[in-house]
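Summary of structural features
Each chain, letter by letter, is given below.
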Amino acid sequence: MDLFDYMNEMNKAQESPLASRLRPTTLEEVVGQQHIIGKDKLLYRAIKADKLSSIIFYGPPGTGKTTLAKVIANTTSADFTQINATSAGKKDMEQVVQQAQNVMGMYGKKTILFIDEIHRFNKGQQDYLLPFVEDGTIILIGATTENPYFEVNGALLSRSIIFELKALSQEDIKTLILRALQDVEKGMGAYHASIDADALEFLSDMANGDARAALTAIELGVLTTERSADGIIHITLDVASECIQRRVVKYDKSGDNHYDTVSAFIKSMRGSDPDAAVYYLARMLYAGEDVKFIARRIMICAAEDVGNADPQAIQVAVAAAQAVERIGMPESQIILSQAASYVACAPKSNAAVNAISKAMDVVAKTTTEPVPVHLQDAHYKSAGKLGHGVGYQYAHDFKNHYVKQQYLPDSLVGETFYEPSDMGYEKQIKEHLDRIRREAEE
């Protein structure tokens, strides 16, 4: 490295964004992800022992995938090379492989290749790496925000250990924000800034587990806020809100307003008001509510309040829940809007709720009655000697595929649990049951 290269690196280190400058260089500096880098965990031991095999880091943005790769780079004795799959091509990989072979031949050192956004590589590009990962020329570290089981070749997956990184907790984000404000060498400590408690709470919540978003906001706040008379830069709630470009919404995830909004959302769907349902959905999304939590509420409402009046509702809700996990924000808001409005507009029935509630109550208050003998399993050895299954009538052998026979235990004969309503498809269910029962009597 000549003088100009050295000065360029120094300038980049000083002028790079706060999130980059504050990036940890040792495992001890890493915040969060203790489920994989705790001192008793495999990855921690492997890094410390410099005995890494190929691995893939999978998780949402800002959770530390690149950070962990940099920590490994600073810890390992292996040669470390980094490329980004959004801009790298096969020629770049060929150069990396050639260099790795030279390093191995000349110095006996392995090469760790870190590929950021590895899911961007097509099948052919991923296949190119296989033989070199297989023979140990390269130790691969891939980072992806997409589910690797869908986006990375099975052959590469089989040769790698997958570590899933979780969104940082609110307390983790608070720790990083305070470190950024206090660190004189790599952070904003020299600016003598402080942050109000409510602003810290707001920023750590709105970051939604993304450390980069929180650090970018705090850097912007410090650089654009006038000093007060006491010579301190005060990051207030108003400053924090402006820096993260989000209006402060009264929505405490652990307080009454949270539960009030969720309650209003569910009751609006139950009450067949799609406009109100979408409004409360927007309030929750704007305030940073977990999309998986919202999806769960829609699924519950589809079963509890729609039920068999429109069996399609639960399918829509479940599909939406699966989709938001794959896609993430901001597109997930469209999916949730579709599901919420469908459930709100669907015909309503709580017959399924009443059925299981009554059945659970009966089970709790009565003794466990034996299953009628003709319904008992007749397949296992000696079941025939006990008479199990004797007298059972196979429904498909009869008209309408229905035969009247006893299914409930003796003490509960005549008890009714599920009573279909006259709403939507459930009306057809009711009419069907009435018809086949009536014709069986004739």
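What counts, and at which threshold
- Residues numbered from 1 in each chain as written.
- Predicted model: local features only at pLDDT ≥ 70, side-chain atom pairs only at ≥ 80, totals over all residues.
- Heavy atoms only, no water.
- Pairing = 2+ DSSP bridges.
- Helix = DSSP H or I, 4+ residues; strand = E, 2+ residues; numbered from the N terminus.
- Axes fitted to C-alpha atoms, helices over the stretch in contact; angles between N-to-C directions.
- Contact = heavy atoms within 4.5 Å.
- Patch = residues over 30% accessible without salt bridge, like charges linked within 9 Å, V, L, I, M, F, W, Y side chains within 5 Å.
- Areas by Shrake-Rupley, 256 points an atom, 1.4 Å probe, with all protein chains shown as cover.
- Salt bridge = Lys/Arg side-chain N within 4 Å of Asp/Glu carboxyl O.
- Buried < 20%, exposed > 50% of the residue type's maximum accessible area, 1.4 Å probe, protein only.
- Phe/Tyr/Trp six-rings, centres within 6.5 Å; stacked < 30°, edge-to-face > 60°.
- 1 Å grid on protein atoms, 1.4 Å probe; cavity = no way out; pocket = protein on both sides within 12 Å on 5 of 7 lines; lining within 4 Å.
- Points joined across faces, edges and corners; volume = space filled by probe spheres on them.
- Parallel < 35°, antiparallel > 145°, perpendicular 65-115°, else oblique.
- Nonpolar A, V, L, I, M, F, W, Y, C, P; charged D, E, K, R; others polar.
- Lys, Arg positive; Asp, Glu negative; His and termini not counted.
- Polar contact = N/O pair within 3.5 Å; in protein donor to acceptor, adjacent residues only side chain to side chain.
- pLDDT = per-residue confidence, 0-100.

1. Brief notes about the sheet that holds strand β3 (residues 111–116)
The strand order β2-β3-β4-β1-β5 describes an open sheet built from five strands, whose pairing is parallel. This sheet does not close on itself; its edge strands, each paired only once, are β2 (79–84) and β5 (161–164). Strand after strand, the sheet turns through a mean of 15° between neighbouring axes, direction not considered. Of the strand pairs in this sheet, β3 and strand β4 (residues 138–144) are connected by six bridges, and their pairing is parallel. Its bridge partner lying in β4, F114 is registered against I141. Along the sheet, helix α5 (residues 65–75) makes contact with β1 (55–58), β2, β3 and β4, crossing β1 at roughly 145°. In the packing of helix α6 (residues 90–107) onto the sheet, the strands contacted are β2, β3 and β4, and the crossing angle to β2 comes to about 175°.

2. Observations regarding a nonpolar patch on the surface
A cluster of nonpolar side chains, Y392, Y394 and Y407, forms an exposed patch at the surface whose accessible area comes to about 340 Å². With respect to the helices and strands, Y394 occurs in the loop between α19 (351–365) and α20 (424–441).

3. Thoughts on the pattern of salt bridges
For the structure shown, the criterion picks out 19 salt bridges. Note that K48 and E28 form a salt bridge whose closest N and O atoms lie 3.2 Å from each other. Taken together, the residues K48 in helix α4 (residues 42–49) and E28 in the loop between α2 (18–21) and α3 (34–37) connect sequence positions 20 residues apart. Residue classification places E28 among the partly exposed residues on the basis of a relative accessible area of 47%. When salt bridges that share partners are traced, they join E171, K174 and E201 into one network.

4. Section: the packing of aromatic side chains
The description of an aromatic ring pair rests on the distance of the ring centres and on the angle between the ring planes. One pass over the structure, following the stated rule, counts three aromatic pairs. Taking the centre distance of 6.3 Å and the plane angle of 45° together, the rings of F57 and F163 count as tilted. Of this pair, F57 sits in strand β1 while F163 sits in strand β5, and the two are 106 residues apart along the sequence. Owing to a relative accessible area of 10%, F163 belongs among the buried residues under this scheme.

5. Re the layout of surface pockets
Considered as a void within the structure, the largest pocket measures approximately 1,400 Å³ in volume. Secondary structure elements with two or more residues in the lining of the largest pocket: α11 (197–206), α15 (274–286), α16 (291–306) and α17 (312–327). Per-element accounting of the lining of the largest pocket gives the leading share, four residues, to α17.

6. Things to note about the packing of α6 against helix α7 (residues 123–134)
Viewed as axis vectors pointing N to C, α6 and α7 meet at an angle of 10°, and their least axial separation amounts to 10 Å. Regarding the angle of α6 to α7, the classification is roughly parallel. Taken together, the residues of α7 that come into contact with α6 (itself represented by K90, M93, E94, V97 and Q101) are Q125, Y128, L129 and F132. Its residues assigned to classes, the contact of α6 with α7 comprises five nonpolar, two polar and two charged.

7. Remarks on the side chain of K348
Along the polypeptide, K348 turns up in the loop between α18 (332–345) and α19. No salt bridge is formed by the buried K348, whose closest oppositely charged neighbour, D305, lies at an N-O distance of 7.9 Å. A distance of 3.0 Å separates the side chain of K348 from the side chain of S272, its partner in a polar contact. Polar contacts involving the side chain of K348 include one to the main-chain carbonyl oxygen of A346, which spans 2.6 Å. If near-sequence neighbours (up to four positions away) are discounted, K348 is found in contact with M269, R270, S272, D305, V306, A309, V343, S421 and M423.

8. Structural notes on the confidence of the model for the protein chain
The predicted coordinates ought not to be read in detail in places where the model reports low pLDDT. The pLDDT averaged across the protein chain works out to 84; a share of 91% of its residues lies at or above 70. Per-element mean pLDDT across the protein chain ranges from 49 in helix α1 (residues 3–15) up to 94 in α18. Residue range residues 3–7 is modelled with pLDDT below 50. Its contacts to residues more than four positions away, or to other chains, number one contact. Across residues 9–13, where pLDDT falls below 50, the model places two contacts with residues more than four positions away in sequence or in other chains.

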